[in-house]
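Fold and contact review
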Amino acid sequence: MKKYGDEYEVIRETIEKMDIVDNHAHNLVSINSTFPFIKCFSEADGDALSFAPHTLSFKRSIRDIAELYGCEKTLNGIEEYRKSAGLESISSECFKAAKVSVLLIDDGLEFDKMHDLEWHKSVAPVVARILRIEYFAEKILNDEIPNGSKWTLDLFTYIFATNMKSYPFKSDLANQVVGLKSIAAYRSGLEINPNVSKKDAEEGLFEALSAGKPIRIQNKSFIDYIFTCSLDIALSFDLPIQIHTGFGDKDLDLRLSNPLHLRAILDDKRYSKCNIVLLHASYPFSREASYLASVYPQVYLDFGLAVPKLSIHGMISSVKELLELAPTKKVVFSSDGYAFPETFYLGAKRAREVVASVLRDACDDGDLTISEAVEAAKDIFKNNAIQLYKLQKLIESSSSNDDTPHDSKTLKANVPEQGIVFVRVIFVDASGQHRCRVIPAKRFYDVVRHKGVGLTFAIMGMTSFTDGPADGTNLTGTGEIRLMPDLSTKRTLPWSRQEEMVLADMELKPGEAWEYCPRETLRRASKVLKDEFNLEMNAGFENEFYLFKAVLRDGKEEWIPLDHTPYSSTQSFDVASPFLQEVNAALQSINITVEQMHAESGKGQFEIVTGHAVCTSAADNLVYTREVIRAVARKNGLLATFLPKYALNDIGSGCHVHLSLSQNGNNVFMGSNDGSSRYGMSKIAEEFMAGVLGHLSSVLAFVSPLPNSYDRIQPNTWSGAYHCWGTENREAPLRTACPPGVADVTNPANVKGLQRLPNDLGEAVEALEKDAFLKEFIGEKLVTAIIGVRKAEIDYYSKNKDAYKELIYKY
């Protein structure tokens, strides 16, 4: 998309941060529904659907979803993620990203294993119904006729009007109908006769009845009659009516879906006060829709389906055409989401980007000032719909019933899976230890998922040797934060199927991040990378660990290495194969990809390499990978430890991270193939590497947090002890993959005058204390806490030389 100057940042920021009203969507389905997931990307059916993967919107949408999930960027990769994560988790993830505060659902479109309206209150704070009139009429005709009577038009009209008026339009806020919907365009077209005769309508009714059940109304006169009856009811309750216009699936005659056909209805004075919403940007009749909205006070426009089903150019063009004549006060957003939570995410994501682009262009052209563009954005995504559908009371009612703010951090989840007893709320402290609060499932789903659980400020000041805050962290037992579950990370424990685990954010109160929260810090850093450079970091990890078995010596239990075989030994793998198979299955069940595994050089040492993901997801995956490895080891009577140097006379364990940068879904680390790129990497990669190298000594205070870490970082141990980088050089702390044929590289230990990285934790802390940039970038308070914890570690382990041996139980 077009790049803009900083003066337009307020438009993008307003749109990005805004909770939005989704004025038209449909029900979600269970993961095991027979409704095919590929329908997420296309209106096609049958053989035509096989060509959907070759559309621009499909290719773009696959990347969008895969980047959200941190999974393989293929249809199969996404489907595997969906199955392993479950509907609750993916719904949480998609709606959290979409920031939908109000969801209006037309539940007249039926899918296999479709969830009812009530279920959707688990994904949005406010949910209301849009009543589809043709579906409603068919439902009446498919039911048994009352008192054995015969159908007449008068009887149908009475039952239709009575039943419709009995819906909770005004009285019952919990299940309120806030609008009607017509799909006349699909059945007989939009050239609706507002004066259809009773005789013609009755003949149409009998035609529908004579076709047998289930009833499907297709007679134009009868459809026109139902439509005008519905307009009368809409007027009496002051409800808007949505009308499908423009494109859809092949059941629709596109020629008859042009909104200009509605002129007879729009010009009829009886209905001049009934607000009409033209859905789907009326694409490809967007200009016609814009004209109608400009000359008829009752006409409003929606652009769901056109966004995100078209190409980028198509989406921008259709929204621009809507705004050529239409007032910005008469355009509303919808995702047209259906069946799959991903459709809601894609609709919201692309709508934000497209509207931002269109409004910034309008500012560039002089049509709008920046403040007018900001006002238009708020109207389009929220204010217009609240006014049109009279949603204010519903929103206020929802807020009064739940004192938790309805934002992306407090998204509701569905009821727990059957048999779940506990939910582990997991977090990582400043010393790198995994900790958790365990909540009984009922309380978690009733309370904690919304409001979190309390935790002392002191938690981010604790060390590896004691459960108390270190001096100098500025953290004490005074004060409390909230651990807020990130429901997109919730997984069933593979080793204990009666429990779930979920990662948590640290917040001062729901919705307000705590400056010491590690997950929020990573998100902030990622946002800078995205906002300033349009880059996303991907990461994957090589997890090295030692595996011990218990033996009795002199009546005492000791832990000894599982085996004594060398690097990549087949014998070693044979010994550990049952354990590694179980780990592999467990990781797959929580959607973490294992790329390879092997025995490492140490006695009882192994390595498991996990697939890459967007860095925020990758960090979460690293936590879960270690949880799985340690838990499966315990289950099998073994002990797994990630301690850097469990024995000073054996090789240490590292956690190598593979990093890359992507821009619009493309890897931008790789250099060009024409020989112009130095070292096989791009200019962006060089600049990124230079930044990491420049701050590497300070970074060690974070990634090598224990004095024990520096017992491992020694020359000639493949651990990267010198301040340098290299291509395919295992003695360099930073190394790049490179094309075949690059000249041999040098061992840094043989280069005279090359500077060592910090020899111990004290030197790394000293470097961090002097690093003004990292203090500002990461946050002064968190850096102060880190420094305080590290200094306490230095003091304790310098006085207790063998204390590190106890750390095999903590890392």
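All residue numbers refer to positions counted from 1 along the written sequence of the respective chain. The predicted origin of the model limits local features to residues at a pLDDT of at least 70 and limits the giving and counting of side-chain atom pairs to 80 or more, whereas totals for whole chains, interfaces and linings rest on all residues. Calculated side-chain values reflect all of the structure's heavy atoms, with hydrogen atoms and water omitted.

As recorded in an unreviewed UniProt entry, the protein goes by GS catalytic domain-containing protein and comes from Papaver somniferum. Under the UniProt heading Sequence similarities (unreviewed entry), the entry covering the protein gives this text: "Belongs to the glutamine synthetase family." UniProt positions are given in the numbering used here, feature names are shortened, and annotations may be inferred rather than shown by experiment.

What follows concerns the overall build of the protein. Helix numbering and strand numbering both begin at the N terminus, where a helix is a DSSP run of H or I of at least 4 residues and a strand a DSSP run of E of at least 2. Secondary structure summary: the protein contains 26 helices and 26 strands in total. Note that the radius of gyration is over C-alpha atoms, with the globule rule given as 2.2 Å times the number of residues to the power 0.38. By the compact-globule yardstick of 28 Å for 811 residues, the protein fits well, its C-alpha radius of gyration being 31 Å. Its C-alpha atoms put the protein at 100 × 60 × 55 Å along the principal axes. Accessible area is worked out with a 1.4 Å probe on protein chains only. A residue is then buried under 20% of its type maximum, exposed over 50%, and partly exposed in between. Burial analysis of the protein (811 residues in total) assigns 57% to the buried set. Within the protein, counting contacts between residues at least 6 apart in sequence, those at least 24 apart form 73% of the total. What sets the accessible areas is the Shrake-Rupley method with a 1.4 Å probe; for residues, cover comes only from the shown protein chains. Surface accessibility of the protein: about 34,900 Å² in total, with carbon and sulfur atoms responsible for 51%. If you average the places of the 91 positive and of the 109 negative side-chain charges in the protein, the two averages end up 2 Å apart. By definition in these notes, contact holds between two residues if any of their heavy atoms fall within 4.5 Å. Positive: Lys, Arg. Negative: Asp, Glu. His and the chain ends are not part of the count. Here the site of a charge means atom NZ of a Lys, CZ of an Arg, CG of an Asp or CD of a Glu.

The salt bridge criterion pairs a side-chain nitrogen of Lys or Arg with a carboxyl oxygen of Asp or Glu, the two atoms within 4 Å. As enumerated under the stated definition, the model contains 50 salt bridges in all. When salt bridges with common partners are traced through the structure, they connect Lys 96, Asp 486, Asp 505, Arg 519, Glu 520, Arg 523 and Asp 620 into a single cluster.

Another aspect to go through is the pairing of strand E17 (residues 536-553). We treat two strands as partners when DSSP finds at least two bridges between them. Pairing analysis gives eight bridges linking E17 to strand E23 (residues 655-663), with the strands arranged antiparallel. In the sheet register, Ala 539 faces E23, and the bridge partner there is Leu 659. The pairing of E17 with strand E21 (residues 613-614) spans two bridges and is antiparallel. Bridge assignment links Asn 538 to a residue of E21, and that residue is Val 614. Where E17 meets strand E20 (residues 605-610), five bridges bridge the pair, whose relative direction is antiparallel. Within the sheet, the bridge partner assigned to Tyr 546 lies in E20 and is Gln 605. For E17 and strand E22 (residues 638-641), the ladder comprises four bridges, and the chain directions are antiparallel.

Moving on, we get to a nonpolar patch on the surface. A cluster of nonpolar residues, Leu 260, Tyr 291, Val 295 and Leu 325, forms a patch on the protein surface that exposes about 330 Å² of accessible area. Among the secondary structure elements, Val 295 is positioned in helix H11 (residues 286-295). What goes into a patch is any residue over 30% in relative accessible area without a salt bridge, connected to like charges within 9 Å or, for nonpolar side chains (Val, Leu, Ile, Met, Phe, Trp, Tyr), within 5 Å.

On to the domain arrangement of the protein, then. As far as domains go, the protein holds domain 1 (8-31 + 86-399), domain 2 (32-85), domain 3 (422-522) and domain 4 (668-810). Residue ranges for the domains trace back to a domain assignment, done automatically or taken from a database. If you average the C-alpha positions of domain 2 and of domain 3, the two centres end up 34 Å apart.

Turning to the nonpolar core, a few remarks are in order. In plain words, nonpolar cores are sets of buried Ala, Val, Leu, Ile, Met, Phe, Trp, Tyr and Cys residues tied together by side-chain atoms within 4.5 Å. Within the largest apolar cluster, 129 residues are counted, with the highest numbers of intra-cluster contacts made by Leu 103, Phe 156, Phe 160 and Phe 303. For this core, the two domains that each supply at least three residues are domain 1 (8-31 + 86-399) and domain 2 (32-85). Among the nonpolar cores identified, the runner-up in size contains 61 residues, and Met 689, Ile 713, Leu 782 and Ala 785 belong to it.

With respect to the secondary-structure elements, Met 315 resides in helix H13 (residues 312-325). Through-space distance from the C-alpha of Met 315 to that of Glu 353 is 10.0 Å; in sequence the pair is 38 residues apart. Look past the residues within four positions of Met 315 in its chain and what remains in contact with it is Arg 60, Ala 306, Val 307, Pro 308, Leu 310, Arg 350 and Val 354.

So, about unusual backbone geometry. In the segment running from Lys 213 into Pro 214, the intervening peptide bond is cis, with an omega of 0 degrees. The topology assignment puts Pro 214 in the loop between helix H8 (198-210) and helix H9 (220-237). The phi torsion at Lys 99 lies on the positive side, around 55 degrees, for a residue other than glycine. Relative to the helices and strands, Lys 99 resides in the loop between helix H4 (87-98) and strand E2 (100-106). Although it is not a glycine, Asp 554 sits at a positive phi angle of roughly 55 degrees. Looking at where Asp 554 falls in the secondary structure, it is placed in the loop between E17 and strand E18 (556-561). On the accessibility criterion, Asp 554 (81% relative accessible area) is exposed.

This next bit is on the packing of helix H18 (residues 518-533) against helix H20 (residues 615-635). In this description, a line fitted to the C-alpha atoms serves as the axis of each element, helices being fitted only across the stretch in contact, and the angle between N-to-C directions of two axes falls anywhere from 0 to 180 degrees. One can describe the packing of H18 onto H20 by two numbers: an axis separation of 10 Å at closest approach and a directional angle of 155 degrees. Judged by the angle between their axes, H18 and H20 are roughly antiparallel. When the axes of H18 and H20 are compared, the crossing they make is right-handed. For the pair H18 and H20, the contacting residues are Arg 519, Leu 522, Arg 523 and Ser 526 in the first and Cys 615, Thr 616, Ala 619 and Asp 620 in the second. Each angle receives one of four descriptions, namely roughly parallel if under 35 degrees, roughly antiparallel if over 145, roughly perpendicular if within 65 to 115, and oblique otherwise. Each helix crossing is assigned a hand: it is left-handed if the near helix lies turned anticlockwise from the far helix by less than a right angle, otherwise right-handed if that turn is clockwise.

With respect to the helices and strands, the residue Asn 384 is situated in helix H15 (residues 370-388). A polar contact of 3.3 Å, which involves the side chain of Asn 384, links it to the backbone oxygen of Lys 329. Pairing of N or O atoms within 3.5 Å defines a polar contact, subject to two protein rules: one partner must be a possible hydrogen donor and the other a possible acceptor, and residues neighboring in sequence count only if both atoms are side-chain atoms.

Turning to helix H17 (residues 441-451), a few remarks are in order. Residues Ala 441, Phe 444, Tyr 445, Val 448, Arg 449 and His 450 constitute the buried set of H17. Just past H17, the residue Gly 452 takes up positive phi, approximately 75 degrees.

A few words on the environment of Ile 130. Its location among the elements puts Ile 130 in strand E3 (residues 126-132). Along the chain, Ile 130 and Pro 748 lie 618 residues apart, while their C-alpha atoms are 69 Å from each other. Those residues in contact with Ile 130 that lie beyond four places of it in its chain are Asn 23, Leu 104, Ile 105, Asp 106, Asp 107, Val 178, Gly 179, Leu 180, Lys 181, Gln 242 and Tyr 389.

This part takes up the layout of surface pockets. Within this scheme a cavity is a closed region of a 1 Å grid, computed over the protein atoms alone, that accommodates a 1.4 Å probe without allowing it to escape, whereas a pocket is open but has protein on both sides within 12 Å along at least five of seven lines; lining residues each have an atom within 4 Å of a point. Grid points are joined across faces, edges and corners, and a volume is the space filled by probe spheres set on the points. As a volume, the second largest pocket reaches approximately 770 Å³. Lining the second largest pocket are 30 residues; nearest its centre among them are Leu 109, Glu 110, Arg 132, Tyr 186 and Asp 249. Of all the secondary structure elements, the ones that give two or more residues to the lining of the second largest pocket are helix H5 (133-142) and helix H7 (184-187). Broken down by element, the residue count for the lining of the second largest pocket peaks at four residues, all from H5. Looking at the lining of the second largest pocket, its residues break down into ten nonpolar, seven polar and 13 charged. The classification used treats Ala, Val, Leu, Ile, Met, Phe, Trp, Tyr, Cys and Pro as nonpolar, Asp, Glu, Lys and Arg as charged, and all other residues, Gly among them, as polar.

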